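# Coordinate inspection notes
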Amino acid sequence: MSFHEAFVWTILRSVAATTLAVPMSICLSQLVQQATGRSRFWWMLFVLCPLVAPDLIIGYGYRSFELSLLHRPVLNHCFYFVLILLKILPAAAVIRICSPPAPVSKAALHCARLIECGVAEKRQHRPMRLNVELLRHIPVCGIVFLLSMQEFEIASLLQIPAWTVHVFDAQASGLNMAATLKLLFGPVLLQAVILVPLLWWGLANSAVIVPRWRSVDCASGSSRWLGVIVASLAALLTWVIPLAFVTRSGLSGIGGVLENQVLLRSTFLDLATAIALTIPCAILSLVLARKVIQIFHGYDATQSDFAKAVSSVPLLLTVVPGLFGSLVVSIAILVATQHAPLLDLRTTAWPMAAALVICLVPRATILVAFLPVFRSSESAFLATLLGKSRGRTRLKNAADLKWWCECRPMFLVTAVLFYWCLANLTAAAILCPPTIPLFSFNGNVVPLPVRLYKFIHQGRTAALSVMAVLSVLVPFVLLVLTSQVAPQVYLRMTRHTRPN
Amino acid sequence: MGDMSNPVWDLRRVTLAGRDRPRVHNLTLAISDGVTAVMGSSGAGKSSLLGLLTDFEKSDAGSVEFAAPETATDLPLFWSPQDDGLWPHLTVQHHIEFVLPSQSQLDRSSVEWLELFSLEELQHVLPDSLSQGERSRLAIARSLASEAAVLVLDEPLVHVDPLHAHRCWQIIAEHIDRCGTTVVFSTHDPDAVLKFAQNVVCLEKGIIVFAGAVNELYFDPPSKELAWLLGPCNWLGHDDVDGVEACAGICRPDVCVRPSNLTLVQDSNARFVVESVLNAAVVTEVKLRERESERRLTVFLSQRCDDVATGDSVRFVVDPVLH
């Protein structure tokens, strides 16, 4: 299949995914919005877990299954389509939860209907009817289309024709940069066209992009069941099944892997490298996202249009490049590092780190908007007021409340960003230098996902499966341990803190 | 504001920026201990002022100085924000337990606090399962249970039904009497201000338009708009009042006479004819027409007007003692 055919296929797939994602994301968002109390956290975890499912595990897990579909390309296409749709849907649900309500409420529309008595009035009210939901769909459609179009890792592993796979393969096979950039022109232009209304929506609604937990129409029974089925299917296909396949394959050869000290040592070194590289990237992207949100909230309605445009430039510069996806960002950085004065950076990890941060910033911004960590929160401020008490019990309670209201959401955001950063194969595969001298180890050290990605195209082995499971399990265990230790450390640090 | 023996807040030329206009503009104000109400129409800047007092909002210009009154409590200030500021992961009972002082003046357990506010059946419930009224009651219960020296309450009990609200206000008043708590609260409810506050601050578009004693605003308001903040009032001209001797020295042109100070008396020679009488629970509204000029005016009375009917001729009598 030629590049142009693959590009058209990608567009058709993205349009289909967008069309289906709009109604399905309503069901998913209602599941989260209508949950109350302690159950909301579990519903959120259940609905949003596909967002952090590593593409490497999904692609590798379905490798044998995909091989059986090689002679049935239509089925293979359908399977891939379902997979990416289910993986993208939670993002659409998050956007829907954070979107401001439609400018024309359903009650306003009903009031208009009550005074309709002729064709003329009906025609007059038509734009109002469109306004009810259309404006809420813009961000959902935009994000789903972009994510679906930018998908590369799973398409590559399942051998699905996509423009991203063509560009990556062309670049990997030594196509000159000018030709690669020429290939990128069409997709980048199309994404820019999609991004314009999306950015317009973001800037217009900057002050009101917050999670809406209660202001939601009641979901009907069938809509709720559809939501549960979709969420279950997504969790099953993106986490349970691929992880089960990989684990089963790994268990059969775990004895051999444990005996191979060299393999174990290099695996843990690669994993440590990946973790050491991604933690600062996740934190930096969080800091930048916080700045973006601050610019959003500092948006002054009294400013002139020119002043608004000027003040939104840094915001656009921080968020927009990452919205074009890992592949475009990585190739852009690769091109930049092939010319002076960045030529010396080519053999370092800096270009890869830069790409990871740039790609993470838009996601981090959405997360920060979703969990209003950095906004002035009355609940958190009341904990601060309680902390001005001279009583020891109330001081301890205040520290506990501050952890819950401020630090815990920040920890959760950092954890998700860390996982996304770790799972970003595209940037790592394109920009990773031959070795990263992080631990003064003389051998060839690269982040574990990069090494895995290089090998899994050659088939599934027990050793590879063990490495793949470790690449998911070790960071997860580390996060769980940190989540247990961090509150204790925080409370210990603040125990003797006295207010001024 | 008034003669202040114990100033708690001193605000000097404070400005708080907003999206369209400053939320608070060049505000200079001192608030003493006791109970102070903050009034004003929606969007006047009441919540912004309260946010500044608690230090939740940082002023863009000017200074806000706070000095907690000397009391036995170890917590200088607590706040009940407009959105209640409940802690989403804590149950109703834990909300109270978390703020209870180790050495309480009141010696009241968390369950007793919940019983006072009729929340005992909800003690194990998380905030997002509560109704708006229950959330408001919990926020107030938590504020009182903290036994802070100063409480800032942003439109307390606004979502609470009248029966519960009345009871809660009584509990707040008892708490203030017993603990000597300084309270600043914002409200649209004239009754709450008249019953509980000694001083009142009125805001309009972020600017103070009145700061002084509640009685001063009630009986001698500077304008019709401000007078309405404390409920209905009658703006009568000197000539409108027939009982000249009764209000001599009191009634000046366009003077404010509160419903409780005004009576209508039937008099066949009087200038005004009753056009309609609307008897309501608290205030009766009577529409009148002047015989000679056909001028129409509406008066408010605090008693029912069962003895006055449409078509009757009436004159006003102002109670000089009350006034």
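Just so you know, these numbers come straight off a predicted model, no measurement behind them. (Residues numbered from 1 in each chain as written. Chains lettered and ligands numbered in written order. Predicted model: local features only at pLDDT ≥ 70, side-chain atom pairs only at ≥ 80, totals over all residues. Heavy atoms only, no water.)

### What about helix H5 (residues 162–179) of chain B?
Residues and elements named next belong to chain B. Relative to the 26 Å expected for 18 residues at 1.5 Å per residue, H5 spans 25 Å between its end C-alpha atoms, a close match to the ideal helical length. Of all the positions in H5, only Ala165, Cys168, Trp169, Ile171, Ile172, Ala173, His175, Ile176 and Cys179 are classed as buried. Phi for Gly180, located one or two positions after H5, is positive at around 65 degrees. (Helix = DSSP H or I, 4+ residues; strand = E, 2+ residues; numbered from the N terminus. Expected span 1.5 Å × (residues − 1). Buried < 20%, exposed > 50% of the residue type's maximum accessible area, 1.4 Å probe, protein only.)

### A short note on the sheet that holds strand S2 (residues 24–32) of chain B
Residue and element names in this part refer to chain B. With respect to topology, 3 strands assemble into an open sheet ordered S2-S1-S4, the strand pairing being antiparallel. The outermost strands of the open sheet, each flanked by one partner alone, are S2 and strand S4 (61–66). Here the strands of the sheet are splayed against their neighbours by 10 degrees on average, with no regard to which way each runs. Relative to S2, strand S1 (residues 7–16) runs antiparallel, the two being bridged by 6 bridges. (Pairing = 2+ DSSP bridges. Axes fitted to C-alpha atoms, helices over the stretch in contact; angles between N-to-C directions.)

### A look at the interface of chain B and chain A
Many authors give the size of an interface as the accessible area that is lost as the parts come together. Every contact between the two is made by 35 residues of chain B and, on the other side, 32 residues of chain A. Contact with chain A buries area across many residues of chain B, yet B:Arg19, B:Phe98 and B:Asp128 alone supply 26% of it, more than any other trio. Inspection of the chain B/chain A interface yields 2 salt bridges. In this structure, B:Asp128 and A:Arg40 form a salt bridge, with 3.6 Å as the shortest nitrogen-oxygen distance. For the pair chain B and chain A, the number of links is 10 residue pairs in polar contact (both at pLDDT 80 or more). Every element with two or more residues in the side of chain B that touches chain A is listed here: strand S5 (77–80), helix H2 (92–99) and helix H4 (132–145) of chain B. Among the residues forming the side of chain B that touches chain A, the class breakdown is 16 nonpolar, 9 polar and 10 charged. (Contact = heavy atoms within 4.5 Å. Buried area = accessible area lost by both parts, 1.4 Å probe. Salt bridge = Lys/Arg side-chain N within 4 Å of Asp/Glu carboxyl O. Polar contact = N/O pair within 3.5 Å; in protein donor to acceptor, adjacent residues only side chain to side chain. Nonpolar A, V, L, I, M, F, W, Y, C, P; charged D, E, K, R; others polar.)

### A word on empty space enclosed by the protein
Residues and elements named next belong to chain A. In the structure shown here, the tally under the stated rule is 5 cavities of 30 Å³ or more. As a volume, the largest cavity reaches approximately 840 Å³. The wall of the largest cavity is formed by 35 residues, among which Lys87, Leu147, Gln150, Arg363 and Trp420 lie closest to the centre. Contributing elements (two or more residues each) for the lining of the largest cavity: helix H5 (73–98), helix H7 (119–150), helix H8 (153–157), helix H14 (305–323), helix H15 (326–336), helix H16 (350–370) and helix H18 (392–423). Among the elements that make up the lining of the largest cavity, the one with the highest residue count is H16 (7 residues). Split by residue class, the lining of the largest cavity holds 24 nonpolar, 6 polar and 5 charged. Lining the lining of the largest cavity are residues from two domains, each supplying at least three of them: domain 1 (1–251) and domain 2 (254–500). (1 Å grid on protein atoms, 1.4 Å probe; cavity = no way out; pocket = protein on both sides within 12 Å on 5 of 7 lines; lining within 4 Å. Points joined across faces, edges and corners; volume = space filled by probe spheres on them. Domains from an automatic or database assignment.)

### Things to note about the packing of H2(B) against H4(B)
All names here are of chain B. One can describe the packing of H2 onto H4 by two numbers: an axis separation of 8 Å at closest approach and a directional angle of 20 degrees. In terms of orientation, H2 lies roughly parallel with respect to H4. Seen along the crossing, H2 lies across H4 with a hand that is right-handed. In this structure, H2 contributes Val92, His95, Ile96 and Val99 to the contact, and H4 contributes Leu138, Ala141, Arg142 and Ala145. Looking at the contact of H2 with H4, its residues break down into 6 nonpolar, 1 polar and 1 charged. (Parallel < 35°, antiparallel > 145°, perpendicular 65-115°, else oblique. Left-handed = near helix turned anticlockwise from the far one by under 90°.)

### Here's the deal with the pairing of strand S15 (residues 296–301) of chain B
All names here are of chain B. Pairing between strand S14 (residues 284–290) and S15: 6 bridges, direction antiparallel. Residue Thr284 lies in a different strand from S15, and its bridge partner there is Leu301. Taking the residues between adjacent antiparallel strands as the criterion, S14 and S15 are bridged by 5 residues, where Glu294 takes a positive phi near 65 degrees.

### What to know about the nonpolar core
For soluble globular proteins, the rule of thumb is that nonpolar side chains tend to be buried together. Judged by nonpolar contacts, the single largest core of 129 residues is most densely connected at A:Leu28, A:Leu83, A:Leu89, A:Leu158, A:Trp163, A:Met352 and A:Leu417. Among the elements that take part in this core, H5(A) stands out by supplying 16 residues, more than any other. Composition of this core by domain shows at least three residues from each of domain 1 (1–251) and domain 2 (254–500) of chain A. Not counting the four nearest positions on each side in its chain, A:Trp163 is found in contact with A:Phe3, A:Ala6, A:Phe7, A:Thr10, A:Met149, A:Leu184, A:Pro187, A:Gln191, A:Leu327 and A:Val328. The next biggest cluster of nonpolar side chains, apart from the first, holds 87 residues, and it includes B:Leu75, B:Leu86, B:Val200 and B:Leu226. (Core = buried A, V, L, I, M, F, W, Y, C linked by side-chain atoms within 4.5 Å.)

### Some remarks on the environment of B:Phe272
Residues and elements named next belong to chain B. Structurally, Phe272 can be placed in strand S13 (residues 272–278). When the C-alpha positions of Phe272 and Arg315 are compared, they lie 6.4 Å apart, and in sequence the two are 43 residues distant. In this view, Phe272 contacts Asp240, Leu288, Arg289, Glu290, Arg295, Leu297, Asp312, Ser313, Val314 and Phe316; residues no more than four positions away in its chain are not counted.

### Let's talk about the packing of aromatic side chains
In this structure the tally under the stated criterion is 17 aromatic pairs over all chains. On the numbers, 5.9 Å between centres and 65 degrees between planes, the contact of A:Trp43 with A:Phe46 is edge-to-face. Residue A:Trp43 and its partner A:Phe46 are located together in helix H2 (residues 39–48), separated by 3 residues, close to a single helical turn. In this structure A:Phe46 comes out as partly exposed when scored by relative accessible area, which is 26%. The rings of A:Tyr62, A:Phe79 and A:Phe245 are connected pair by pair, giving a single aromatic cluster. Above the ring of A:Trp404, the side-chain terminus of A:Arg408 is found at 4.0 Å from the ring centroid. Its end group placed over the ring of B:Trp113, B:Arg108 keeps NZ or CZ at 4.6 Å from the ring centre. (Phe/Tyr/Trp six-rings, centres within 6.5 Å; stacked < 30°, edge-to-face > 60°. Lys NZ or Arg CZ within 6 Å of the ring centre and 35° of its normal.)

### Points about the pairing of strand S16 (residues 313–318) of chain B
Residues and elements named next belong to chain B. Bridge count between strand S12 (residues 262–266) and S16: 5 bridges; the pairing is antiparallel. Of the residues in S16, the one forming a bridge with Leu264 is Phe316. Of the pairings in the sheet, the one linking S13 to S16 comprises 2 bridges and is antiparallel in character. Paired with Phe272 across the bridge in S16 is Val314.

### With respect to the environment of B:Arg12
Residues and elements named next belong to chain B. Within the element layout of this structure, Arg12 appears in strand S1. Classification of Arg12 by relative accessible area gives partly exposed; the value is 47%. Taking the C-alpha atoms as reference points, Arg12 and Gly62, separated by 50 residues in sequence, lie 5.5 Å from one another. Discounting chain neighbours no more than four positions away, the residues touching Arg12 are Leu27, Thr28, Gly62 and Ser63. Here the side chain of Arg12 touches Asp10 through a polar contact of 2.8 Å, side chain to side chain.

Interpretation in functional terms is not warranted from these geometric data alone.
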